[in-house]
Amino acid sequence: MTLKTSRIRKAVFPVAGLGTRFLPATKAVPKEMLTVVDRPVIQHVVDEARAAGIEHFVFVTGRGKAVIEDHFDIQYELERTLADRGKTKELEALIADLPVAGQASFTRQQAPLGLGHAVWCARDIIGDEPFALLLPDMLHHGPTPCLKEMIDAHRATGGNLIAVAPVPEDQTHQYGIVGVTDADEKVARVTQMVEKPAKGTAPSNLHITGRYILQPEIFDLLARQEKGAGGEIQLTDSMIRLMTDLDQPFHAVRFDGTIYDCGSKIGFLTANIAYGLERADLAPALKTEIERLMARPRS
Ligand code: UTP
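My aim in this report is to walk through the structure given alongside it, one point at a time. Note that the coordinates shown come from a computational prediction; the quantities given were computed from them, not determined experimentally.

### Notes on the overall build of the chain
- Looking only at helices and strands, one finds 11 helices and 13 strands in the chain.
- Relative to the globule expectation of 19 Å for 299 residues, the C-alpha radius of gyration of the chain, 20 Å, shows essentially globular dimensions.
- C-alpha extents for the chain along the principal axes are approximately 60 × 50 × 35 Å.
- With 299 residues in all, the chain has 45% of them scored as buried.
- A sequence separation of at least 24 residues applies to 76% of the contacts in the chain between residues at least 6 apart.
- Within the structure as shown, the chain displays about 15400 Å² of accessible surface, and the carbon and sulfur contribution to it stands at 52%.
- The averaged location of the 39 negative side-chain charges in the chain is 4 Å from the averaged location of its 34 positive side-chain charges.

Structure representation (structure tokens):
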């Protein structure tokens, strides 16, 4: 079987979930628009994709998510006002964040039937080429963007890639876990994939972190619309089929930076503090405030 090793040009961002863990904040505001410091979470992830060389950004949105589309569009009145007030730096920063015309596509997942279903909704826009998939909840922070490391690895491996990172052994049952040929290698062949393995049965402590490079054959498998765990159409189920039934290679790329799960409250709060502490304009005052809070007597 020949596998395509062509360039990864397009990335999918599934943003149609309900964000129930953040209610009531997410009643009218998509969780992807909650901010880490002063950038929406989705903007941080689009930044990562752009830094990895992605040229076309495909958003799978849903009801109540139109503001994401607006975020990646020109805001004529705002830009006019900034220009009139001489706020050149702010204006340039806004323009720099915009995708070039024609480089962003939006498609709707009419009902949140699961991540696998959301990815399938992007099939016509992706077409017959390998693509990147980034889960916007998961911020990957490190010296090299996670997706760039994966695209570099893909040039050598071809096939499918999954970013992974270690979790404590007693937490493996909460994650999608992969077994690999050599857990010490930066890039290793995947031998097994299990969604939330029962305690004591995980093939390793490497969890799937929310960055993927997938071959387009995944869409044929997702098209079967088979429901998995939680009654949702799961991506992992189709990835397992792609590896076992279609015999396609998967490699795991170990991400050595820090991952913040912004779909959870603790991950989101921690990301705000960590990203704030990295900002020269904020760090000194933020440190002082954190120290003041920590020194406060607890009730
Ligand atoms: P999550 O399960 O973390 O997101 O899916 P959620 O369902 O919005 O969150 P909670 O659990 O209710 O708080 C991971 C990513 O997949 C997208 C979500 O938007 C999120 O970015 N997703 C999930 C979809 O686009 N469609 C779905 O049907 C499910």
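There's more to say after this.
### With respect to the site of the ligand
- Around the ligand, the structure places 18 residues, and the nearest of them are G17, G19, T20, Q109 and G114.
- In the environment of the ligand, an oxygen atom lies 2.8 Å from a nitrogen or oxygen atom belonging to the backbone of G17.
- Contacts to the ligand include D137, whose side-chain N or O atom sits 2.9 Å from an oxygen atom.
- With the chains in place, 84% of the 570 Å² that the ligand exposes on its own is no longer accessible.
- Considering only residue class, the shell around the ligand consists of nine nonpolar, five polar and four charged.

### Observations concerning a nonpolar patch on the surface
- Taken together, the side chains of L78, L94 and I95 define a hydrophobic patch exposed on the protein surface, amounting to about 240 Å² of accessible area.
- Structurally, L78 is set in helix α3 (residues 76–84).

### Digging into the pairing of strand β12 (residues 250–254)
- Burial within β12 is extensive, with five of its five residues counted as buried.
- Relative to β12, strand β8 (residues 160–166) runs parallel, the two being bridged by five bridges. Looking at the pairing, L161 lines up with H251 of β12.

### Re helix α10 (residues 265–277)
- Taking 1.5 Å of rise per residue, the 13 residues of α10 would be expected to cover 18 Å, and the 18 Å separating its terminal C-alpha atoms lies within 8% of that figure.
- Listed as buried for α10 are G267, F268, A271, Y275 and G276. All buried residues of α10 lie within an arc of 160° about the axis, which places them on one face of the element. Residues I266 and L269 are exposed on α10 and point more than 90 degrees away from its buried face.
- Buried residues in α10 make contact with β2 (35–36), α1 (41–51), β7 (138–141), β13 (258–261) and α11 (283–295).

### Here we look at the pattern of salt bridges
- Within the structure shown, the criterion is met by 20 salt bridges.
- D152 is the partner of R155 in a salt bridge, and the nearest nitrogen-oxygen pair spans 2.8 Å. Separated by three residues within a single helix, R155 and D152 lie in helix α7 (residues 146–157), roughly one turn from each other.
- The exposure class of D152 is partly exposed, given its relative accessible area of 33%.
- Its salt-bridge partner being K186, residue D256 comes within 3.3 Å of it at the nearest N-O pair. Of the two residues, D256 is situated in the loop between β12 and β13 and K186 in the loop between β9 (176–180) and β10 (187–195); the sequence distance between them amounts to 70 residues.
- A single network of salt bridges, built from pairs that share partners, joins E149, K186, R254 and D256.

### Topic: the packing of aromatic side chains
- Within this structure, the stated rule accounts for seven aromatic pairs.
- Between F22 and F268, the aromatic rings sit 5.4 Å apart at their centres with planes inclined by 80°, giving edge-to-face as the arrangement. Of this pair, F22 sits in the loop between β1 (10–14) and β2 while F268 is found in helix α10, placing the two residues 246 residues apart along the sequence.
- Given a relative accessible area of 13%, F268 falls into the buried group.
- Ring-pair connections join several aromatic residues into one group, and the members of that group are F13, F57, F59, F72 and F106.
- Here the guanidinium or amino end of R123 rests over the ring plane of W120, the centre of that ring lying 3.7 Å away.

### So, unusual backbone geometry
- P24 follows L23 through a cis peptide bond whose omega is 5°.
- Secondary-structure assignment places P24 in the loop between β1 and β2.
- The phi dihedral of K196 falls on the positive side, at around 45°, and the residue is not glycine.
- Mapped onto the elements of the fold, K196 is located in the loop between β10 and β11 (206–214).
- Positive phi, close to 60°, is recorded for D247, a residue that is not glycine.
- The topology assignment puts D247 in the loop between α9 (235–244) and β12.

Rules used in this analysis
Residues numbered from 1 in each chain as written. Predicted model: local features only at pLDDT ≥ 70, side-chain atom pairs only at ≥ 80, totals over all residues. Heavy atoms only, no water. Helix = DSSP H or I, 4+ residues; strand = E, 2+ residues; numbered from the N terminus. Rg over C-alpha atoms; globule rule 2.2 N^0.38 Å. Buried < 20%, exposed > 50% of the residue type's maximum accessible area, 1.4 Å probe, protein only. Contact = heavy atoms within 4.5 Å. Areas by Shrake-Rupley, 256 points an atom, 1.4 Å probe, with all protein chains shown as cover. Lys, Arg positive; Asp, Glu negative; His and termini not counted. Charge placed at Lys NZ, Arg CZ, Asp CG, Glu CD. Near = heavy atom within 4 Å. Polar contact = N/O pair within 3.5 Å; in protein donor to acceptor, adjacent residues only side chain to side chain. Nonpolar A, V, L, I, M, F, W, Y, C, P; charged D, E, K, R; others polar. Patch = residues over 30% accessible without salt bridge, like charges linked within 9 Å, V, L, I, M, F, W, Y side chains within 5 Å. Salt bridge = Lys/Arg side-chain N within 4 Å of Asp/Glu carboxyl O. Pairing = 2+ DSSP bridges. Expected span 1.5 Å × (residues − 1). Arc of directions from axis to C-beta. Phe/Tyr/Trp six-rings, centres within 6.5 Å; stacked < 30°, edge-to-face > 60°. Lys NZ or Arg CZ within 6 Å of the ring centre and 35° of its normal.

So far we have only geometry, and geometry alone does not tell us how the molecule works.
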